[in-house]
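Structure at a glance
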Amino acid sequence: MSLDYKVFVYGTLRTGDVRSGVLSDMQLLGQAKFIKETTTSSRYTLVDLGAFPGLIEGGYTSVLGEIWEIDHYTKQYLDLMEGVPLLYQDKPVEIDGEEDIFAYFLVNPRGYPEIKSGDWFKKESRSN
C-alpha cells in the first residue's frame, strides 16, 4: 500500500490518548507511519469540546500534535471517525518546514473554551 497522505493529529488520535490505537494498529498493517511530533504555525485556536478537541482556523496559537503518513483506506476510516463533513472538515494545515499536510478542522466553532496551551494533553490550562 502507498502512504499518500500526511495527517496532523492533535487530540484523541495522538500517542497516549484514547484513540491512539487506531493509528498504531494501522502502522502494524503497513497502512500508517509515525513521522514526528511537531507544532503548527501560530495561526490557530484549539478548543475543548469535552471528550475531544477541535482545531479552528484563525488565532495565535501553535498547536502540538503528530504527523502521520497514511494510506487511502486509513484516510477514509479517519474521515468516518471524525464525522467528515458534518463535524470536521479536512483542510491543509500550516506547519513550518512541512508541505501537503492536512488536519481535521471543526466545522461549527461556537463558543467552546479555548485551550490556550495548544496542547490537548494540557487542557487544564484552558480559559473558562
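Relevant structure appears above.
The structure reproduced in this document is the subject of the present report. Quick caveat: nothing in here was measured; it's all calculated off a predicted structure.

So, about the overall build of the chain. On a plain count of helices and strands, the chain comes out with 2 helices and 7 strands. Relative to the 2.2 N^0.38 estimate, which gives 14 Å for 128 residues, the radius of gyration of the chain is 14 Å and therefore close to what a compact globule would have. By the burial criterion, 44% of the 128 residues in the chain qualify as buried. If you sum the accessible surface of the chain, you get close to 6,800 Å²; carbon and sulfur atoms cover 51% of it. Within the chain, one finds 13 positive and 20 negative side-chain charges whose respective centroids are separated by 5 Å.

We now examine the pattern of salt bridges. Overall, the coordinates contain 7 salt bridges when judged by the stated rule. Taking the shortest distance from any N to any O, the salt bridge between Arg-43 and Glu-94 comes out at 2.9 Å. Of this pair, Arg-43 sits in the loop between strand 2 (32–39) and strand 3 (44–48) while Glu-94 sits in the loop between strand 6 (88–92) and strand 7 (102–106), and the two are 51 residues apart along the sequence. A relative accessible area of 35% means that Glu-94 is categorised as partly exposed.

Attention now moves to unusual backbone geometry. In this model, Val-84 is joined to Pro-85 through a cis peptide bond whose omega is 5°. Tracing the sequence through the fold places Pro-85 in the loop between helix 2 (72–81) and strand 6. One non-glycine residue, Asp-100, lies in the positive phi region at around 55°. Checked against the element boundaries, Asp-100 lands in the loop between strand 6 and strand 7.

As for its placement among the helices and strands, Asp-119 is situated in the segment after strand 7. Reaching out from Asp-119, the side chain makes a polar contact with the backbone nitrogen of Phe-121 at a distance of 2.9 Å. If we skip the residues at most four places from it in the chain, Asp-119 touches Arg-14, Leu-46 and Leu-64.

Conventions and cut-offs
- Residues numbered from 1 in each chain as written.
- Predicted model: local features only at pLDDT ≥ 70, side-chain atom pairs only at ≥ 80, totals over all residues.
- Heavy atoms only, no water.
- Helix = DSSP H or I, 4+ residues; strand = E, 2+ residues; numbered from the N terminus.
- Rg over C-alpha atoms; globule rule 2.2 N^0.38 Å.
- Buried < 20%, exposed > 50% of the residue type's maximum accessible area, 1.4 Å probe, protein only.
- Areas by Shrake-Rupley, 256 points an atom, 1.4 Å probe, with all protein chains shown as cover.
- Lys, Arg positive; Asp, Glu negative; His and termini not counted.
- Charge placed at Lys NZ, Arg CZ, Asp CG, Glu CD.
- Salt bridge = Lys/Arg side-chain N within 4 Å of Asp/Glu carboxyl O.
- Polar contact = N/O pair within 3.5 Å; in protein donor to acceptor, adjacent residues only side chain to side chain.
- Contact = heavy atoms within 4.5 Å.

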